[in-house]
Every structure is written in structure tokens, then in C-alpha cells.
Amino acid sequence: MSGDHGRGDSQVNSGSKGSESHKHKDKHKEKEHKHKDHKKDKEREKLKHCNSEHKEYSEKKHKDKQKLRHSDGSSDKHREKHKDKDKEKRKEDKSLSSHSNRTKKEKENGYVRERSPAAIKSEPEDDNGFYLSPKHNKATKPAVYRFEYKPKKVKVEHDKKAKKRKHEYEDDEEDEYTKHKKKTKDKKATEGKKAKKEDEEKWKWWEEERYTDGSKWRFLEHKGPVFAPPYEPLPDKVKFYYDRKAMKLSAPAEEVATFFAKMLDHEYTTKDIFRKNFYKDWRKEMTSEEKSVITDLNKCDFREMSEYFKAQSEARKQMSKEEKQKIKEENERILQEYGFCIMDNHKERIGNFRIEPPGLFRGRGDHPKMGMLKRRIRPEDIIINCSKDSKQPKPPPGTKWKEVRHDNKVTWLVSWTENIQGSIKYIMLNPSSRIKGEKDWQKYETARRLKKCVDRIRSQYRDDWKSKEMRIRQRAVALYFIDKLALRAGNEKEEGETADTVGCCSLRVEHIKLYPKMDEQEYVVEFDFLGKDSIRYYNKIPVEKRVFKNLQLFLENKQPEDDLFDRLNTSILNKHLQELMDGLTAKVFRTYNASITLQQQLKELTCPEDSIPAKILSYNRANRAVAILCNHQRAPPKTFEKSMQNLQTKIDEKQKQLSAARKQLKAAKADHKASHDEKSKKAVEVKRKAVQRIEEQLMKLQVQATDREENKQIALGTSKLNYLDPRISVAWCKKWAIPIEKIYNKTQREKFAWAIDMAEKDYEF
DNA sequence: AGATCTACTTAGCATAGAAGCA
DNA sequence: TGCTTCTATGCTAAGTAGATCT
């Protein structure tokens, strides 16, 4: 296990660290005058956090906010002004500051979407174990690649070549690749043309050549997207009221109003920004008459509309079986017609063939654009991508596509530009498709190549901590964080366009705190920031002295809102990584560390003599270690406490049952001792079996309870789907005779079909 | 050399549908 | 069988990263 971090079995932990962070956060807030209206969100947060500490925190936050409110009866305008001033000031600061010449981000979030107080245990690490490993230094060897990165003219890899590669490359997986090819060669010859169904489903694309010229396909045919159903005006009986008076809205204005009405139960319809954005966009849809009447959102009453939609969804639930069946069939028909495409002789499932319906935008976290109208996409907005020689999809009658192009250097079938951020959205294939699968496989191969040179890279960045050049030190410390803590790269973001979140390279001074000494530990760094999706990252970890000293240096003469790594960005970092290993980028470290952690944890946690459920618990624990590493959190399910209680009741009952059964067994034994006849002997056996059965059931329940408790606010799915080399899991299943269905559900099995087919029990990541 | 654009992966959440239970 | 609870799936936002433009 070379280059392994030796991560312990980090467990969920909501101890004192959490409260520390909260205090910190609170101070933070007051200092920065963050006082946006996020009462409702906090309430939601409160619900999410079941531990009392969190409640305390939320309440305190709430009080703080109230205080602030009182101190300045802040109107929106006031706040805006304040913000602008702040912005300007910062701009000036920046131009004066010699070390920071990059765009600075406005820190304006009051709403913090953080969850677990401290999900991550900082493990005191043996740094020697960390950096040195027996398999060391293949640095001098020319790198060997499974996939070509800068493909030249060669179009398709042919068998011969693949075989030749087998000798050239020592990659285990390479052997398998060729092996498979041989095995299926005969079969393939008889296959001939494509008989649609069964052969298609079983198509093993991983046994075929890949394109190496950068093209993604030769032939592509599809039916185009499915548009959102047109707006159906409300029945006349459902009224909208303005200033208590019923008012009939024009269809466009009414439609947008219904979007708001549908969200009425959500707390964000009470947020200032949301309301402001919504109102602004709504007015654009109004007739001039409506505009003159409706001048204040607060006087709008959407409740009747809201009730109507609730009743509708209730009615949908109450529909008869036949009606439901009919809808199901219709959906199936649409799926069959639009849900598949033909790509290079194979029918492939499309991932998202429906165009996103119009509605109100709700970004995650404290998003400046929340509430804006996401407009309806029309055929005129749509770019179709397909091959020239295919049957082109027809736009709906009386409409035209924006463009039809034939670009086989990309994988998307349909695209359009979305109006909130102006970004492009795509329709692409399902994860089970060849095109996605190959890429996924390739991703893990890159991570495996990193495994081979990670020791070298680690020793290099450690050397770089001593560099004379600031930029190199910064790069080295950032890389250390990315490697050790699995932080994301942290691209720059356009200020004011999105929620204020950061990754490694975009960390600011205010996101870390240094403690030369904390409790028993020396050189502790405390991280507290909002990452992707505004999920809070909170962690305290001891670092090496040199890292600590460097951080102190980076912090010198900086304001809280200045960049920690002012001489670094993701592009610089990735360019450097590219030089260290072909195909290496910051995110590869996440993949690598996730997968290697799973493999190592599985080795450590699986007991050969355990039952299958116990082994699965071990698997989930290994999976959990990764999820914690990658900070994959989730809101504790709304019914968590209750379902936990139910489970406990069941366990108690089972326990009673067990002791009763044991008593009976004892009695039967005594009986047998006395009588020594066949009948009593049989009775003993029967009772013994009963005890055994109940014991097993109890065990299963207990395992389930543990698993669930530990999983309260950790999401396993993301890492399973995106970070863990599926071959590790498949190999583990094969080794311990665990049915693969216990680990991967149907969708996951489809996505990982390649891994399930090719990984043997001795697979090593 | 930074800004912008493009393509693609990764992310959490809502909800539909399946499974379990009284 | 009808209700509750759990799980799978769909949805789409939010990242990463490379290419291209200025």
C-alpha cells in the first residue's frame, strides 16, 4: 500500500470541536457585519442538527442577529450601500497591496449552510509512515499510460496495437484488457450485426478499441429533447389577491406567480434577496396595467394558488391504479422514444432528455440570484448535435432549432444557454453509456498512476516548503492541503454571481486560524469555510512545523478577506502538476486518496469470520471513512430520530425474545437430561435453532442501528459514485463472497458494469 | 496573463416508487 | 390492504479544467 495516508477509522464526532467552531463563527459574523435575513434558514438548520449544542448555537446566532437588527434598522438599501462602499474600499486596498493583484471576492454571506459541528477527526499522523513507503520512487522510469492524453492522428486502436501494448505496459489492468479481448473474440465474430435488445444490454464496450484522435463518436442519431409542458392557466375559481382584492392575471404573469405560489411553504420565499429578485423578474412578465396595480409584493396573496397546487398533488396521490398505470405507460413511451440515442451502432441511454422547466432559481447557500426567473426554453434556444448522416431530430411543428451542428469532438446531444448565469446546459448520455464509462475508467487509471509516483511528489512538495520563492512555497503548502485533506482545487469565481464559497487555492485569511499550541498538540490549523454547495468544511489538524511557519508567513500583513495563497491559482497549480505527472490535476488527488483509503480500510476492517451483514457494515464504515475525508455531508433525514427509536424498540423486543428462547432451551435441556429420550433430544435441537435464529436477527438489527447512527449526517453515495474505484468494491465482494447487489443497486451496477465484469478478487488499486 | 467560454464531473436534495409493517 | 418508512432516481446547481480570446 504505497503512499497511503494511513488514515484512521475516523468517525463522526460531534464533540467540543463543534462548539469551538461556533464561537469562532459567531465572532466572525459580528466583526464583519453580516446581517442578512436568514432566520428561516437558521430554523431549518436547527431542525437539521439534532444535537443540543447546535440548537444552542442557532439560538445564539439568532440573538446576535436580533441585536444587529436593533442596532441598525437596516433596510435593504442601507445594506446595499454598505456593501458597495465596502467593495470600493477593498478595491482600493487591493491596488495598493503589493502582493495581491488578483480580483478579490466580496465576502457577503450571512447565511451559513454548514451542518455538522465537526464531522472530521483530525488524526495525529505519523508523518514518516505517511511519506515513506516500501514501493518507492519509480520516478526515473518513463511514465506509462493506459490512455493517451494528447492524441495525434491515429484514429482507432487496433487489436495488434493493443496486444503490443500489453508487453510494453506492466499495468495489471492492461493484461486484463487484452485477456478479455481474446476471450470474446470468437463470440464477437458470430455476433454480426446488432440485434437490438439483449446484445445491446450486454455490450461490453470495455473490450473494444477506443478513439484516440480526440473524437468521441462516428455516428450519432437522436430525437432531440422533450420540452416542458406548456403552461396551463389556472381555473377561474382559483384566485390571486392583491391588497385583498381578487385579480385576474395575464397568462405570463400568472405563470410566474404560480412558481412563487408553489414555493410558499419554503422559507426562502421570506428571504429579502429571493423576494427582490423574484419581484423584479415577475414585473417583466406583467402587462402595463398589472404593473401599475401591483406595486408591492407584500400585498400579494398567493395562498389560494398554493392551496390549489397542494390539492392537486394530493389528488395525484389518490389516483386509481389504472390512472397511475396509464401515466406510467405514457412516461415509458416517452422514455422509449426520446430516452435513447444511437451512437456508433449502439443504442445508448440518455441521461437527461427533458429540458429543464421554467421556475424560480434557487441556488445553494446564500446565493445572490435566488428567486430569479428561470425562463422557459424554446426550440429556438436549442442547439442540436448529431452526425451529418443521421436522421436529424425535428423541432416541434412551427418552430426551428437555433442551430444543428455536427461536432464529434464533444459528447453532448443538445445544448442551450441558461439565463441565470448565462452558462451552457447540456443533454448527455447516461453513466452506463460507453462514453461516460470510458472516461470514468480513465479517471481511475490516472489515479492509479498517481499512486505510483505520489511518494516522489510528496517529497518534492516537502522540499518546496523551503523554497526561496514565495510562489513555490505557497504552491507546495496548497498541494499539501489538497493531498492531506482532500480539498478541492478552488477556482476563482466571479464576485456577486454566486454564493461565496472557496476551495484550496481560493482560501482567504479569514478561513484559517493558527494555534501554535492547542491541548496536547502543536502547530494546529483550524479550517472553517464554505465549500462547494455551501457545505461547511470545519477541521482542526496539526501540521508540520514548516507548514505552520509558512502559513504564518503567508498571513503577514493581510486582511481577513485577502487570499491566503496570493501567488497561486488553480491554473498555476495544475500546470505544475502536469509537469509532475501527465494527466495530473488537483482533483486526481481526491480520487486517489479516496480510493486508496477505501482499499486500505477494507483490508483493515473486514474480519474473515464475520457474517455477511457484519462484513457489509465494515464496507459501509470504509465507505464512510472516505465520505468523511471528502466532507460529503447530508441533512439528517427529517424522520431520523423517530426511525432510530423504532429500531431501538425492535431491538429491545428481540432481546426479550432471545432471553425467552434461551430459557426455553435451558428447560428443554434439563428435560432431556432427565428423560434421555429421542423426543426431548429433538426438542433441544429445535430450541437451539430458535435461539440461534433470534441471535442472528438481533445481530442484524444491531448492525443496522450502528450503521444508521454513524451515517446520520454523512452521505455515502457521492463517494461511491464518483471517487471510489469500483473495481476495489467488486474485488472485495468476490473475495468475501458478498453478492454485488448488497453494495451496488441496479443503477450503480449499470454504471459500473465494466468494473464488475473485469475485476477479479485480487484486484489492487 | 488574465478573462471568458466550453465541456464535462461532482453534488445534495426532493420526490416517486418500492418495501416493510400492522 | 392501506399506511408508513426507506431507497432509488431525477433534477439541476456548482464545481474542475482546458481551450480560446483579448
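Residues numbered from 1 in each chain as written. Chains lettered and ligands numbered in written order. Predicted model: local features only at pLDDT ≥ 70, side-chain atom pairs only at ≥ 80, totals over all residues. Heavy atoms only, no water.

**Remarks on the overall build of chain A**
Per the secondary structure count, chain A includes 25 helices and 15 strands. Every one of the 765 residues in chain A was classed for burial, and the buried ones make up 48%. Carbon and sulfur atoms make up 51% of the accessible area of chain A, which totals about 39,900 Å². (Helix = DSSP H or I, 4+ residues; strand = E, 2+ residues; numbered from the N terminus. Buried < 20%, exposed > 50% of the residue type's maximum accessible area, 1.4 Å probe, protein only. Areas by Shrake-Rupley, 256 points an atom, 1.4 Å probe, with all protein chains shown as cover.)

**Overview of the pairing of strand 13 (residues 512-518)**
Pairing of strand 13 with strand 14 (residues 521-530) involves 6 bridges; the strand directions are antiparallel. Looking across to strand 14, one finds that Tyr-515 is bridged to Val-524. From the end of strand 13 to the start of strand 14, which pair antiparallel, there are 2 residues, and Asp-519 there has a positive phi angle of about 50 degrees. (Pairing = 2+ DSSP bridges.)

**Details of the nonpolar core**
Counting residues in hydrophobic clusters, the biggest one holds 79 residues, and the most contacted among them are Leu-450, Phe-481, Leu-487, Phe-527, Leu-551 and Phe-565. Discounting residues that sit within four places of it in the chain, Leu-551 has contacts with Val-477, Phe-481, Ile-512, Leu-514, Val-525 and Leu-564. Judged by nonpolar contacts, the second largest core, of 29 residues, contains Phe-240, Cys-300, Met-305 and Leu-360. (Core = buried A, V, L, I, M, F, W, Y, C linked by side-chain atoms within 4.5 Å. Contact = heavy atoms within 4.5 Å.)

**Some thoughts on the packing of aromatic side chains**
Aromatic ring pairs are reported here in terms of the distance separating the ring centres and the angle at which the planes meet. Summed over the entire model, instances satisfying the criterion amount to 28 aromatic pairs. Judged by centre distance (5.3 Å) and plane angle (20 degrees), the rings of Phe-278 and Trp-282 are stacked. Here Phe-278 and its partner Trp-282 are both found in helix 10 (residues 272-285), 4 residues apart, which amounts to about one turn of the helix. Residue Trp-282 is classed as buried on the basis of its relative accessible area, which comes to 0%. Measuring from ring centre to ring centre gives 5.9 Å for Tyr-480 and Phe-481, while their planes differ by 40 degrees; the resulting arrangement is tilted. Put simply, the rings of Tyr-461, Trp-465, Tyr-480, Phe-481, Phe-527, Phe-529, Tyr-537, Phe-554 and Phe-565 touch in pairs and so form one group of aromatic residues. Above the face of the Phe-309 ring, Lys-262 is positioned so that its terminal group lies 4.7 Å from the ring centre. (Phe/Tyr/Trp six-rings, centres within 6.5 Å; stacked < 30°, edge-to-face > 60°. Lys NZ or Arg CZ within 6 Å of the ring centre and 35° of its normal.)

**Digging into the UniProt feature "active site" (unreviewed entry) in chain A**
Taking the numbering used here, the UniProt-annotated feature "active site" (unreviewed entry) corresponds to Tyr-723. In this structure, Tyr-723 sits in the loop between helix 22 (717-722) and helix 23 (726-736). Given the relative accessible area of 15%, Tyr-723 is considered buried. Not counting residues within four places of it along the chain, the set of residues in contact with Tyr-723 comprises Tyr-444, Arg-590, Thr-591, Ala-594, Ser-595, His-632 and Thr-718. (UniProt positions renumbered as here; feature names shortened; annotations may be inferred.)

**Digging into the UniProt feature "coiled-coil region" (unreviewed entry) in chain A**
Mapped onto this numbering, the UniProt entry annotates "coiled-coil region" (unreviewed entry) at residues 310-337 and 644-711. Overall, residues 310-337 shows 89% helix and 0% strand. The separation of its end C-alpha atoms is 31 Å. Annotated as 96% helix and 0% strand, the span residues 644-711 places its first and last C-alpha atoms 12 Å apart.

**Thoughts on the packing of helix 18 (residues 586-605) against helix 23**
Running from N to C, helix 18 and helix 23 point in directions that differ by 15 degrees, and their axes come no closer than 9 Å. What the angle tells us is that helix 18 and helix 23 run roughly parallel. Crossing handedness for the pair helix 18 and helix 23: right-handed. Counting all contacts with helix 18, which are made through Ser-595, Leu-598, Gln-599 and Leu-602, the residues of helix 23 involved are Ile-728, Ser-729 and Trp-732. Among the residues making up the contact of helix 18 with helix 23, the classes are represented as 4 nonpolar, 3 polar and no charged. (Axes fitted to C-alpha atoms, helices over the stretch in contact; angles between N-to-C directions. Parallel < 35°, antiparallel > 145°, perpendicular 65-115°, else oblique. Left-handed = near helix turned anticlockwise from the far one by under 90°. Nonpolar A, V, L, I, M, F, W, Y, C, P; charged D, E, K, R; others polar.)

**Let's talk about the sheet that holds strand 13**
Spatially, 3 strands are ordered 13-14-15 in an open sheet, and the strand pairing comes out antiparallel. Only two strands of the sheet have a single partner each, and these edge strands are strand 13 and strand 15 (536-542). Within this sheet the neighbouring strands show an average axis-to-axis angle of 15 degrees, counted without direction. With 7 bridges connecting them, strand 14 and strand 15 associate as antiparallel partners. When the bridges of strand 15 are listed, Phe-529 appears paired with Tyr-537. Sheet contacts for helix 16 (residues 545-555): strand 13 and strand 14; angle to strand 13, the most-contacted strand, approximately 135 degrees.

**Looking at helix 21 (residues 678-710)**
The terminal C-alpha atoms of helix 21 lie 48 Å apart, and with 33 residues this matches the ideal 48 Å at 1.5 Å per residue to within 8%. Looking at helix 21, one finds that the buried residues are Ser-680, Val-684, Ala-690, Val-691, Ile-694, Leu-698, Leu-701, Val-703, Ala-705, Asp-707 and Glu-710. On its buried face, helix 21 is in contact with helix 19 (612-629) and helix 20 (640-675). (Expected span 1.5 Å × (residues − 1).)

**Topic: the pattern of salt bridges**
The final tally for this structure, using the stated rule, is 45 salt bridges. Among the ionic pairs, Arg-471 bridges to Glu-469, the shortest N-O distance being 2.9 Å. The exposure class assigned to Glu-469 is partly exposed, which follows from its relative accessible area of 37%. Arg-567 is the partner of Asp-566 in a salt bridge, and the nearest nitrogen-oxygen pair spans 3.2 Å. Since its relative accessible area comes to 6%, Asp-566 is described here as buried. Look at the salt bridges and you will find they share partners, linking Lys-223, Glu-330, Arg-333 and Glu-337 into a network. (Salt bridge = Lys/Arg side-chain N within 4 Å of Asp/Glu carboxyl O.)

**Topic: the environment of Gln-702**
Relative to the assigned elements, Gln-702 resides in helix 21. With 88 residues separating them in the primary sequence, Gln-702 and Ala-614 have C-alpha atoms 9.9 Å apart. When residues no more than four places from it in sequence are discounted, the contact partners of Gln-702 are Ile-651 and Gln-655.

**Some remarks on the protein's contact with DNA strand C**
Of all residues adjacent to DNA strand C, which total 33 residues, the nearest are Arg-364, Lys-425, Gly-490, Lys-587 and Thr-747. The sugar-phosphate share of atoms of DNA strand C within 4 Å of the protein amounts to 87%. Lys-493 places a polar side-chain atom, nitrogen or oxygen, 3.1 Å from a phosphate oxygen of DNA strand C. Between DNA strand C and the protein, one listed contact pairs a phosphate oxygen with a side-chain N or O atom of Lys-642 at 3.2 Å. Broken down by element, the residue count for the surface near DNA strand C peaks at 3 residues, all from helix 20. (Near = heavy atom within 4 Å. Polar contact = N/O pair within 3.5 Å; in protein donor to acceptor, adjacent residues only side chain to side chain.)

**Some details on the side chain of Ser-719**
Tracing the chain through its elements places Ser-719 in helix 22. Engagement of the side chain of Ser-719 in a polar contact is seen with the backbone oxygen of Leu-716, the distance being 3.1 Å. With residues up to four places along the chain from it excluded, the contact list for Ser-719 reads Asn-623, Val-626, Ala-627, His-632 and Leu-724.

**A few points about unusual backbone geometry**
At Asp-344, a position not held by glycine, the phi torsion is positive, near 45 degrees. Structurally, Asp-344 can be placed in the loop between strand 5 (340-343) and strand 6 (346-349). A residue is classified by how much of its surface remains accessible, and Asp-344, at 12% relative accessible area, is buried. At Asn-557, a position not held by glycine, the phi torsion is positive, near 55 degrees. Structurally, the position occupied by Asn-557 is in the loop between helix 16 and helix 17 (570-580).

**Regarding the sheet that holds strand 3 (residues 245-247)**
Spatially, 3-2-4 is the arrangement adopted by the 3 strands of the open sheet, whose pairing is antiparallel. The outermost strands of the open sheet, each flanked by one partner alone, are strand 3 and strand 4 (300-301).

**So, the side chain of Asn-430**
Positionally, Asn-430 belongs in the loop between strand 12 (424-427) and helix 14 (434-464). Within the local environment of Asn-430, its side chain forms a polar contact with the side chain of Ser-432, the two groups lying 2.8 Å apart. Non-local contacts of Asn-430, meaning those with residues more than four positions away in its chain, are made with Arg-349, Ile-350, Gly-351 and Lys-436.

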